[in-house]
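Reading the structure
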Amino acid sequence: EVFGYPPDNLTENARRFRENCLCPFNNIVPNCTKSRVDNPLGVCSIQADANPVIICPVRFREGWRVASDAAKFFFPRSTRWTSLTEVRLADKHGGSAGNIDVVLVSYDAQGRVTGYGALEVQAVYISGNITNPFQYYMDDPEKRHAMDWSGNAKYPRPDYLSSSRKRLAPQLIYKGGILHAWQRKTAVALNKTFFATLPSLEEVSEQEGEMAWFIYDLKHDAGENRYHLVLDDVRYTKFQTALQRITHAEPGDEADFIAHLQVQLDDKIANKMPAEVGTIDFPGK
């Protein structure tokens, strides 16, 4: 999707959104602000192995479904609630632990806070270069909407490993750790294809859940020629067990690693690099 529409959607509305760099998914301002304000990278999602992959966190705000879905996990039915975005979270010493994407706050008839839950939204990082095909398309959408960029260098692809290790895991460790200490629930919204790359998580019932994983997909509406966000599944877990699974890699066979070391060692010796080959003398030996 480019500014909320598939590249081959050439309707008047799609043209208007592209020409004005508008965001249809409840960004903080009417315009897209992805990467930069003056010349935004208006790519909401890409196709990878015939599956749509959301690469912009604002894309999850379509119709604010993520908020209403999370509210069902956080609060009893008929609870008054609203959402606050980009809420700063501080640690014990006043240092920043980061901003929470969305905080859902429940309140009473006098407007006093009665409870809350944190919603983290995780899009997928991209490896390669997505700016060049985006700019090429934007120069002439009507003629280039069917372009094939796959043969070009640095073809953009989803980087699920970086998305989990560099973004999702640190968020859960720092922000999630504080919220868990306060015995508050956390919800995580992410793409179906991304969740499929995570280690299997030990599930519990909704009543026992300290975390809820809201798994979304994009479904294409042929009549509109647009994609819509749909909830594919929800998984409930404990906080610590889920965090341990995500942050700890499963060890493979050590013999494979030793064989890899042997190959590199043989290469060094074969290339006669005496400055890097020798023994270490320890004091007193």
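Refer to the preceding data block for the structure.
Read on for an overview of the structure. Owing to the predicted nature of the structure, the values given are computational and were not obtained by experimental measurement.

Conventions adopted
Residues numbered from 1 in each chain as written. Predicted model: local features only at pLDDT ≥ 70, side-chain atom pairs only at ≥ 80, totals over all residues. Heavy atoms only, no water. Core = buried A, V, L, I, M, F, W, Y, C linked by side-chain atoms within 4.5 Å. Buried < 20%, exposed > 50% of the residue type's maximum accessible area, 1.4 Å probe, protein only. Helix = DSSP H or I, 4+ residues; strand = E, 2+ residues; numbered from the N terminus. Contact = heavy atoms within 4.5 Å. Salt bridge = Lys/Arg side-chain N within 4 Å of Asp/Glu carboxyl O. Phe/Tyr/Trp six-rings, centres within 6.5 Å; stacked < 30°, edge-to-face > 60°. Lys NZ or Arg CZ within 6 Å of the ring centre and 35° of its normal.

To continue, consider the nonpolar core. Ranked by internal contacts, the top residues of the largest apolar core, which has 39 residues, are Leu172 and Trp213. Elements supplying a minimum of two residues to this core: helix H1 (12-20), strand E1 (45-48), helix H3 (131-139), helix H5 (160-181), strand E8 (186-191), helix H6 (192-195), strand E9 (211-221) and helix H7 (239-247). Setting aside anything within four residues of it in sequence, one finds Leu172 in contact with Gly177, Val188, Met211, Trp213, Phe239, Leu243 and Ile246. Counting residues in hydrophobic clusters, the runner-up holds 23 residues, among them Val66, Phe75, Val102 and Phe214.

Okay, the pattern of salt bridges next. Pairing is possible between side chains of opposite charge, provided their charged atoms come close. As enumerated under the stated definition, the model contains 11 salt bridges in all. Counted as one network, the salt bridges with shared partners bring together Glu1, Arg59 and Glu62.

Here we come to unusual backbone geometry. Of all residues except glycine, most have a negative phi; of all peptide bonds, most are trans. The backbone of Lys154 sits at a positive phi, close to 55 degrees, despite the residue not being glycine. If you trace the backbone, Lys154 turns up in the loop between helix H4 (141-144) and strand E7 (157-159). By relative accessible area, Lys154 is classed as exposed at 64%. Although it is not a glycine, Asn225 adopts a positive phi angle of roughly 55 degrees.

Once that is clear, we can look at the packing of aromatic side chains. Describing an aromatic ring pair means giving the distance of the ring centres and the angle of the ring planes. Overall, the coordinates contain 9 aromatic pairs when judged by the stated rule. An angle of 15 degrees between the planes, with centres 6.1 Å apart, marks the rings of Tyr160 and Phe194 as stacked. With a gap of 34 residues between them, Tyr160 in helix H5 and Phe194 in helix H6 connect regions that are remote in the sequence. One exposure class covers both Tyr160 and Phe194, and it is buried. Note on Phe195 and Trp213: the rings are 6.2 Å apart at their centroids and 55 degrees apart in plane angle, and the pair reads as tilted. You can see Phe195 sitting in helix H6 and its partner Trp213 sitting in strand E9, a full 18 residues away along the chain. The residues Phe195 and Trp213 share a single accessibility class, namely buried. Members of the aromatic cluster, joined through ring pairs, are Phe73, Phe74, Phe75 and Tyr236. Over the ring of Tyr136 we find Arg144, and its NZ or CZ is 3.8 Å from the ring centre. Positioned above the aromatic ring of Tyr5 is the side chain of Arg226, whose terminal nitrogen or guanidinium carbon lies 4.2 Å from the ring centre.

This part covers the environment of Thr131. With respect to the helices and strands, the residue Thr131 is situated in helix H3. With 98 residues separating them along the chain, Thr131 and Thr33 place their C-alpha atoms 14 Å apart.

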